[in-house]
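Reading the structure
Read off the chains here:
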Amino acid sequence: MYYIIMIIGAVFVNNIILAQFLGACPFIGVSNKVSTATGMGLAVLFVMTIATLFTSLINNYFLIPLGLQFLQTITFILVIAALVQMVEMILKKISPTLYQALGVFLPLITTNCAVLGVAILVTMKGYSLIDSTLYAIFSAVGFAIAIIIFAGIREQLDLVGTPKGVQGVPIALITAGILALAFMGFANLV
Amino acid sequence: MSKLSIVTKGFIKENPTLVLVLGTCPALAVTTSVENGIGMGLATTFVLVLSNMFISLLRKITPNEVRIPIFIVVIATFVSIVDLLIQGFVPALAESLGLFIPLIVVNCIVLGRAEAFASKNGVFDSMLDGLGMGIGFTIALVIIGTIREILGSGSILGYEIPFMKGNEILIFVLAPGAFFVFGYVIALTRAFQKK
């Protein structure tokens, strides 16, 4: 039951973009087409899971025992940057098809605040290793769901005439607002 | 380019948030009140000025291939300093900004200025550029924060506004309001710039 509540909470109620505003840059930036949005969503899922697993390991077994929590930000961002590079190289060797699908999105993820955000968030919440990893997976699923829905809406939006003043980013933000309004409907679910 | 225009270009003409649409996460997340906006803006300005200065100092000895990791380490160092300072001296602000102080590291504005300006220009110019961009970011946060605080909680800087209090539109301090206000503020900035 505890896990069901955590999963619904991470995917819908506290949706990482629409309720916590983490990862807003790629959410606005790479959501023009459903196909690119899906690629970005999968890349985030991949990196966020691995990154959170590694950062919680480092935090629990290295930083906390040595009393070095003040180095958390620096360590985490370096671990994430290194991991992204490594994932990119490994994917290139092992699975060229997956690399082709996710390749272009991987470098962008280093500066995606959702990845660092979730890594810090789980240490703030004091989750155990398993809880942290699960939370990361389902936060990323929430990110993917939100960005794919949003890209679908934006594809339709291109076909209708919007007033000149709000074309581009403003109308995207306003649409995201309406989507956030819809997601607020999940608020009482847990 | 004159020294003054290096500072002032970040205010409106190249405002990092309203024109270039960088740093959207904090612009959406911490603007529930003007006070939070100012706090976040000043913290980011501090990081921008010092990281720009340091990166500019190191620009001649930074190998081109590993410049991004070096930038990130410099930025992360200053962010950690700001984080600890805020926790030590203004714990209330640390409480309300929370997660978003360490997240200054991944604010695209800071890395963007390091790459676009500080790695190519002198130390003093880079500091001025950081200052200008930081102030521009603060201006954007204050504008969004003002609108959201007046409409959403009927007050400004914590002082109640007679008619607005009691007629609050709660949605503006919640998540959807952030997106709406930010969207319209960008649209308005564009309209002003065309003139």
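Calculation rules
- Residues numbered from 1 in each chain as written.
- Chains lettered and ligands numbered in written order.
- Predicted model: local features only at pLDDT ≥ 70, side-chain atom pairs only at ≥ 80, totals over all residues.
- Heavy atoms only, no water.
- Helix = DSSP H or I, 4+ residues; strand = E, 2+ residues; numbered from the N terminus.
- Rg over C-alpha atoms; globule rule 2.2 N^0.38 Å.
- Buried < 20%, exposed > 50% of the residue type's maximum accessible area, 1.4 Å probe, protein only.
- Contact = heavy atoms within 4.5 Å.
- Areas by Shrake-Rupley, 256 points an atom, 1.4 Å probe, with all protein chains shown as cover.
- Lys, Arg positive; Asp, Glu negative; His and termini not counted.
- Charge placed at Lys NZ, Arg CZ, Asp CG, Glu CD.
- 1 Å grid on protein atoms, 1.4 Å probe; cavity = no way out; pocket = protein on both sides within 12 Å on 5 of 7 lines; lining within 4 Å.
- Points joined across faces, edges and corners; volume = space filled by probe spheres on them.
- Nonpolar A, V, L, I, M, F, W, Y, C, P; charged D, E, K, R; others polar.
- Polar contact = N/O pair within 3.5 Å; in protein donor to acceptor, adjacent residues only side chain to side chain.
- Axes fitted to C-alpha atoms, helices over the stretch in contact; angles between N-to-C directions.
- Parallel < 35°, antiparallel > 145°, perpendicular 65-115°, else oblique.
- Phe/Tyr/Trp six-rings, centres within 6.5 Å; stacked < 30°, edge-to-face > 60°.
- Buried area = accessible area lost by both parts, 1.4 Å probe.

A look at the overall build of chain A
Check the secondary structure of chain A and you find nine helices and zero strands. Element order for chain A, N to C, with α for helix and β for strand: α-α-α-α-α-α-α-α-α. Here chain A has a C-alpha radius of gyration of 17 Å; the compact-globule value for 190 residues is 16 Å, and the two agree. The C-alpha extent of chain A, read off along each of the three principal axes, is 60 × 45 × 30 Å. Out of the 190 residues belonging to chain A, those deemed buried represent 51%. Sequence separation of at least 24 residues holds for 77% of the intrachain contacts in chain A that already meet a minimum separation of 6. Only carbon and sulfur atoms are counted for the fraction: they give 72% of the accessible area of chain A, which is about 8,600 Å². Across chain A, the 6 positively charged side chains and the 4 negatively charged ones have centroids separated by 7 Å.

Describing the overall build of chain B
If you tally the helices and strands in chain B, you get eight helices and two strands. Its helices and strands in sequence order give chain B the pattern α-α-α-α-α-α-α-β-β-α, from N to C terminus. Against the globule reference of 16 Å for 195 residues, chain B gives a C-alpha radius of gyration of 17 Å, in line with a compact fold. Over its C-alpha atoms, taken along the principal directions, chain B stretches across nearly 60 × 45 × 25 Å. If you take every contact in chain B between residues at least 6 apart in sequence, the share linking residues at least 24 apart comes to 74%. Counting every atom, chain B has about 8,600 Å² of accessible surface; 72% of that belongs to carbon and sulfur. Averaging the locations of the 13 positively and 11 negatively charged side chains of chain B gives two centres separated by 13 Å.

A short note on the side chain of Asn36(B)
All names here are of chain B. Along the chain, Asn-36 falls in helix H3 (residues 34-57). Residue Asn-36 is classed as buried on the basis of its relative accessible area of 11%. Among all residues touching Asn-36, those that are not within four sequence positions of it are Val-30, Leu-93, Ser-96 and Leu-97.

Overview of empty space enclosed by the protein
All names here are of chain B. Here the structure, examined in full by the defined rule, presents two cavities of 30 Å³ or more. Every residue lining the largest cavity is counted, 13 residues in all, and those nearest its centre are Cys-25, Pro-26, Leu-103, Val-106 and Asn-107. For the lining of the largest cavity, the per-class residue count stands at ten nonpolar, three polar and no charged.

A short note on the side chain of Ser56(B)
All names here are of chain B. Relative to the helices and strands, Ser-56 resides in helix H3. At 3.2 Å, the side chain of Ser-56 and the backbone nitrogen of Val-123 are in polar contact. Not counting residues up to four positions away in its chain, the partners in contact with Ser-56 are Ala-118, Asn-121, Gly-122, Val-123 and Ser-126.

Remarks on unusual backbone geometry
Peptide bonds are trans in most cases, and residues, glycine excluded, mostly fall at negative phi. At Phe21(A), a residue that is not glycine, the phi angle is positive and equals roughly 60°. Relative to the helices and strands, Phe21(A) is located in the loop between helix H1 (2-13) and helix H2 (24-29). Overall, Phe21(A) belongs to the buried group, its relative accessible area being 6%. In the Ramachandran plot, Val21(B) falls in the positive-phi region, its phi being about 50° despite a non-glycine side chain. Within the element layout of this structure, Val21(B) appears in the loop between helix H1 (3-8) and helix H2 (24-29). Accessibility expressed as a relative area gives 18% for Val21(B), which makes it buried.

Observations regarding the packing of helix H9 (residues 169-184) of chain A against helix H8 (residues 175-194) of chain B
One way to put it is that H9(A) packs onto H8(B) with a least axis distance of 7 Å and a crossing angle of 170°. Compared by their axis directions, H9(A) and H8(B) come out roughly antiparallel. Contacts from Val169(A), Pro170(A), Leu173(A), Ile174(A), Ala176(A), Gly177(A), Ile178(A), Ala180(A), Leu181(A) and Met184(A) of H9(A) reach H8(B) at Pro176(B), Phe179(B), Phe180(B), Phe182(B), Gly183(B), Tyr184(B), Ile186(B), Ala187(B) and Arg190(B).

Topic: the packing of aromatic side chains
Each aromatic ring pair is characterised by the separation of its centres together with the angle its planes make. Applying the stated criterion across every chain yields a total of eight aromatic pairs over all chains. Ring centres 5.6 Å apart and planes at 55° place the aromatic pair Phe21(A) and Phe179(B) in the tilted group. Here the residue Phe21(A) occupies a position in the loop between H1 and H2, and Phe179(B) occupies one in helix H8, the pair thus bridging two chains. Relative accessible area serves as the criterion here: at 0%, Phe179(B) is assigned to the buried category. Taken together, the ring pairs connect Phe12(A), Phe183(A) and Phe186(A) into an aromatic cluster.

A closer look at the environment of Ile75(B)
Residues and elements named next belong to chain B. When you line up the elements, Ile-75 lands in helix H4 (residues 67-89). A C-alpha to C-alpha distance of 22 Å links Ile-75 and Ala-140, two positions 65 residues apart in sequence. The residues contacting Ile-75, other than those within four sequence positions of it, are Val-47, Ser-51, Val-105, Val-110 and Leu-111.

Looking at the interface of chain B and chain A
At the interface, 34 residues of chain B touch 35 residues of chain A. When the two sides are added together, the surface that chain B and chain A hide from each other amounts to roughly 2,900 Å², 85% of it contributed by carbon and sulfur. Broken down residue by residue, the surface that chain B buries against chain A is led by Leu99(B), Val106(B) and Phe179(B), which jointly contribute 22%. Between the two partners, chain B and chain A, sit one residue pair in polar contact (both at pLDDT 80 or more). Only H2, H4, helix H6 (108-118) and H8 of chain B provide two or more residues apiece to the side of chain B that touches chain A. Here the side of chain B that touches chain A is built from residues that sort into 27 nonpolar, six polar and one charged.

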